[in-house]
Amino acid sequence: MELLLLRYPFTFLLIAFLILYQMYPAFRFFCKMCFYKLWVFAISLLVITASIPRGRNCENMKFFSMSFLPLKYIFGIKIVVKGKENLRTKKPFVLVLNHQTSLDIMVMMEILPSRCVAIAKKEILYMGTFGLACWLAGLIFIDRKKREESIATLTEVAHSMHKDNFRVLIFPEGTRNHSGSMLPFKRGAFQLAVKAQVPIIPVVISSYSDFYSQKEKRFTPGKITIQILPEVKTLGLGPEDVPKLTEQVRDSMITTYQGISGMTNGASH
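Reading guide: rules and limits
- Residues numbered from 1 in each chain as written.
- Predicted model: local features only at pLDDT ≥ 70, side-chain atom pairs only at ≥ 80, totals over all residues.
- Heavy atoms only, no water.
- Helix = DSSP H or I, 4+ residues; strand = E, 2+ residues; numbered from the N terminus.
- Buried < 20%, exposed > 50% of the residue type's maximum accessible area, 1.4 Å probe, protein only.
- Contact = heavy atoms within 4.5 Å.
- Areas by Shrake-Rupley, 256 points an atom, 1.4 Å probe, with all protein chains shown as cover.
- Patch = residues over 30% accessible without salt bridge, like charges linked within 9 Å, V, L, I, M, F, W, Y side chains within 5 Å.
- Salt bridge = Lys/Arg side-chain N within 4 Å of Asp/Glu carboxyl O.
- Lys, Arg positive; Asp, Glu negative; His and termini not counted.
- Charge placed at Lys NZ, Arg CZ, Asp CG, Glu CD.
- Core = buried A, V, L, I, M, F, W, Y, C linked by side-chain atoms within 4.5 Å.
- Pairing = 2+ DSSP bridges.
- Axes fitted to C-alpha atoms, helices over the stretch in contact; angles between N-to-C directions.
- UniProt positions renumbered as here; feature names shortened; annotations may be inferred.
- 1 Å grid on protein atoms, 1.4 Å probe; cavity = no way out; pocket = protein on both sides within 12 Å on 5 of 7 lines; lining within 4 Å.
- Points joined across faces, edges and corners; volume = space filled by probe spheres on them.
- Nonpolar A, V, L, I, M, F, W, Y, C, P; charged D, E, K, R; others polar.

## So, the overall build of the chain
Phase 1 of the analysis: A tally of regular secondary structure across the chain gives 10 helices and 9 strands.
Phase 2 of the analysis: Viewed in the frame of its principal axes, the chain has a C-alpha envelope of about 80 × 50 × 35 Å.
Phase 3 of the analysis: Relative to its full complement of 269 residues, the chain shows a buried share of 47%.
Phase 4 of the analysis: Of the contacts made within the chain by residues no fewer than 6 positions apart, 73% connect residues no fewer than 24 positions apart.
Phase 5 of the analysis: Approximately 14600 Å² of the chain is accessible, and the part contributed by carbon and sulfur atoms is 62%.

## Section: a positive patch on the surface
Phase 1 of the analysis: Judged by side-chain charge, Lys37, Lys121, Arg144, Arg176 and Lys186 come together as a positively charged surface patch.
Phase 2 of the analysis: When you line up the elements, Arg144 lands in the loop between β4 (140-142) and α8 (147-164).

## Side note on the nonpolar core
Phase 1 of the analysis: If you look at the biggest cluster of nonpolar residues, it comprises 51 residues, and the most contacted ones within it are Tyr36, Phe64, Leu95, Leu169, Phe219, Ile224 and Ile226.
Phase 2 of the analysis: Beyond its immediate stretch of four places on either side in the chain, Phe219 contacts Phe29, Lys32, Met33, Phe75, Ile77, Leu103, Phe211 and Tyr212.
Phase 3 of the analysis: In terms of nonpolar packing, the next biggest core, distinct from the first, is built from 33 residues, Ile140, Phe185, Ala189 and Leu245 among them.

## Side note on the pattern of salt bridges
Phase 1 of the analysis: Under the criterion given, the structure shown has 4 salt bridges.
Phase 2 of the analysis: The partner of Glu110 in a salt bridge is Lys72, with the nearest N and O atoms 2.9 Å apart. On the criterion of sequence distance, the pair formed by Glu110 in the loop between α6 (104-108) and β3 (116-121) and Lys72 in helix α5 (residues 70-75) is long-range, its members being 38 residues apart.
Phase 3 of the analysis: The partner of Glu231 in a salt bridge is Lys233, and the shortest N-O contact between them spans 2.8 Å.
Phase 4 of the analysis: Using a relative accessible area of 33% as the deciding quantity, one classes Glu231 as partly exposed.

## Some points on the sheet that holds β4
Phase 1 of the analysis: Strand order in this open sheet of 7 strands is β1-β9-β6-β2-β5-β3-β4, and the pairing throughout is mixed. Two strands bound the open sheet, and with one partner strand each, they are β1 (77-82) and β4. Looking at each pair of strands side by side, their axes are set apart by 20 degrees on average, direction ignored.
Phase 2 of the analysis: Relative to β4, β3 is paired through 3 bridges, and the arrangement is parallel. Residue Ile119 lies in a different strand from β4, and its bridge partner there is Ile140.
Phase 3 of the analysis: The sheet strands contacting helix α9 (residues 188-196) are β2 (94-97), β3, β5 (167-170) and β6 (200-205), and the helix crosses β2 at an angle near 165 degrees.

## Remarks on the UniProt feature "transmembrane region" (unreviewed entry) in the chain
Phase 1 of the analysis: Following the UniProt record, the feature "transmembrane region" (unreviewed entry) maps to residues 6-27, 34-52, 64-81 and 124-142 here.
Phase 2 of the analysis: As a span, residues 124-142 carries 47% helix and 16% strand, and end to end its C-alpha atoms are 10 Å apart.

## Focus: empty space enclosed by the protein
Phase 1 of the analysis: Taken as a whole and judged by the stated rule, the model has 1 cavity of 30 Å³ or more.
Phase 2 of the analysis: What the largest cavity holds in volume is close to 30 Å³.
Phase 3 of the analysis: If you go around the largest cavity, the residues you meet are Asn98, His99, Gln100, Glu173, Asn177, Gly180, Ser181 and Tyr257.
Phase 4 of the analysis: Each residue belonging to the lining of the largest cavity can be placed in one class, and the counts come to 1 nonpolar, 6 polar and 1 charged.

In structure tokens form, the structure reads like this:
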């Protein structure tokens, strides 16, 4: 046995790995998440290489979209998209999505429209190859600790949306949420839409709880439903309408989330 171990160490390591992978869900969860993160950073090198000739440009986001699509097949995730017709507009708009885990990046690529950039926290910019790839893809970074600076950035974006004809994607919860509902929405996305006088298109991603749980270290094949809701118009609205608009969109998204996640009831606040 020891002689065989010395002669074929990699074979034994492979067998040990396969046994651990099959027998221990926590080990399988760890392996899948490591693979996901390695894929993100490795694929970012290809995105950077493809993007450099064009420089910083929102059109480079399509390289991200293409590079993430194989992951759903690798992990055995079936993604069903409903309401695609609500994205068939060539005009600028603000896309708002609920935020659950880092897997949301993979899922959002399924419906990401052309000429769409995300607004993200500034910390992402310093995440190695991924941060550089995001910068080249036109992501807009804000420092959440500097409120005045963030407002100035959003104002600049609002003035540019029509001129440069692009769309903006924001996670209004501001951070990942594993609670099974939605956190209170920050108002930045809605202030942006009102300033730019562009519609808001809410997108709801169903709960991952049937196949994914960070707490339980569980990650199995599963199904995700993405529901794209009709646009919410902001034409004629002003700053005083933002709080009501924020709650209106959040309430409709929570109701949809509970419906597509198979929940009969749940806390919405």
